[in-house]
Amino acid sequence: MGVTLYNEDDGDLTVLKGITVAICGYGNQGRSQALNIRDAGVNVIIGNRDDEYRVRAQKDGFPTFDISEAVKQADALFLLVPDEVQKDVFTKQVKPFLREHSVIIFAHGYNIAFGLIIPPSNIDVLLIAPRMIGIGVRECILNGEGYFSFIGVHQDASGKAKDKLLALSKAVGGLSKAGIEISFEQETILDLFTEQGFGPASSQIMMKPIELLVEAGYPEEAVLVELILSGNMKHSFMNMMDLGIVNQVGLLDERSQYGLLSRGMRYKEIIEEVLHIQKGVLRHIEDGGFAKEWERFPSKVKFKFIKFMASRVGFGSLEKRVRKNLGLPEVDLWAETPYPTEEEIERKMRLQRELEEFKQYKEF
Ligand code: NDP
């Protein structure tokens, strides 16, 4: 399938001359994107609630406003609040203040792709989605490394949406490695599949052999150091980025290469099974089933339950114990994870279809 790639030469910054860009949400992405765009010579203002994020924007030298006021002043606005609150923020603080041919830019396609936000037809709607964490969006520009972005036009009301897309992408640093043109739907599906298809399969494949070795009598501290804490895996991933998954094997000594390549074939059958599950996961994302599931109340209770259990039993507790024994700093990102309330469980229990799954988590 053909793809269009854009680089810095494709973006013309003069398109942005005299315009005001509002960054709504001065968080992970917001701060880095605002700094990059200002460095590109564009007038940037910040829309954020009046709290420490706004203070940070002021310290960085930006004019700051409530989101609705920033939208009123802006020709182009980047909606960089978390995806879960975007619909509410858009409905109350953005939509009423948009002007004809305003431009709205999303850094992730979810709310547009699944129809949770339907922008008015008289504005341009763009996707500039960095394939990079917030801090990296700034650092990779400062250190010259650059980063990839997924970019696209969802709605072209002005007839100039593509020019604006390329100019804004360049300003934010999104063409520094390459801007890869895709739709909101494609970006969203790739993102969700990474989370649901690739991520969990990889972590299961990492966790199970650790349990196998611990059960076989190897000290759990040694096992975890060998497989994870040594950082060897991290270097392998870096090498995969730099050289390719296949090519990086060539960095290993010959015995390691032989072991890896010859034993790799033994996983063929199990990979077919994994693939079968991944195909189902992909279909469920593509047909909107996952988005519908996530919007429903029972999923929120299920989520609380799984998160609570994952943080306290099974592999989570093994890691906690090992880290403590090795004198590593205690990290518990889920320390405050609440157990679902009686009322939530009660409401969930009424839903028969979810019951079996619920029991399964309880036994986990
Ligand atoms: P953050 O969680 O860092 O953004 C928080 C910002 O949103 C803060 O400025 C916060 O300010 C504001 N905010 C939070 N809740 C509300 C609310 N209810 N009303 C108004 N403002 C609110 O988000 P990210 O930067 O991580 O994500 C922004 C977008 O970028 C998302 O679409 C995400 O998918 C996308 N993205 C994120 C990446 C990442 O690595 N994080 C990578 C690529 C894309 P305050 O609470 O002070 O109001």
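Worth saying up front: this structure is predicted, and the values here are computed from it rather than measured.

(A) Up close: the packing of aromatic side chains. Per the counting criterion, the structure on display carries four aromatic pairs. With 5.9 Å between their ring centres and 65 degrees between their planes, tyrosine 26 and phenylalanine 62 make a pair best called edge-to-face. Of this pair, tyrosine 26 sits in the loop between β2 (20-24) and α1 (28-39) while phenylalanine 62 is found in the loop between α2 (52-59) and β4 (64-65), placing the two residues 36 residues apart along the sequence. The same class applies to tyrosine 26 as to phenylalanine 62, namely buried. Ring geometry for tryptophan 294 and phenylalanine 303: centres 5.8 Å apart, planes at 85 degrees, overall edge-to-face. It is arginine 38 that lies over the ring of phenylalanine 62; its NZ or CZ is 4.0 Å from the centre. Over the face of the ring belonging to tryptophan 294 we find lysine 300, whose NZ or CZ atom lies 4.0 Å from the ring centre.

(B) Region of interest: the environment of valine 214. Following the sequence through the fold, valine 214 ends up in helix α8 (residues 184-215). A C-alpha to C-alpha distance of 9.3 Å links valine 214 and leucine 224, two positions ten residues apart in sequence.

(C) Structural detail: the environment of tyrosine 218. Of note, tyrosine 218 is situated in the loop between α8 and α9 (220-229). Sequence separation of tyrosine 218 and isoleucine 123 is 95 residues, and the distance between their C-alpha atoms is 62 Å. If we ignore the near neighbours within four places in the chain, the residues touching tyrosine 218 are Leu213 and Val223.

Cut-offs applied
- Residues numbered from 1 in each chain as written.
- Predicted model: local features only at pLDDT ≥ 70, side-chain atom pairs only at ≥ 80, totals over all residues.
- Heavy atoms only, no water.
- Phe/Tyr/Trp six-rings, centres within 6.5 Å; stacked < 30°, edge-to-face > 60°.
- Helix = DSSP H or I, 4+ residues; strand = E, 2+ residues; numbered from the N terminus.
- Buried < 20%, exposed > 50% of the residue type's maximum accessible area, 1.4 Å probe, protein only.
- Lys NZ or Arg CZ within 6 Å of the ring centre and 35° of its normal.
- Contact = heavy atoms within 4.5 Å.

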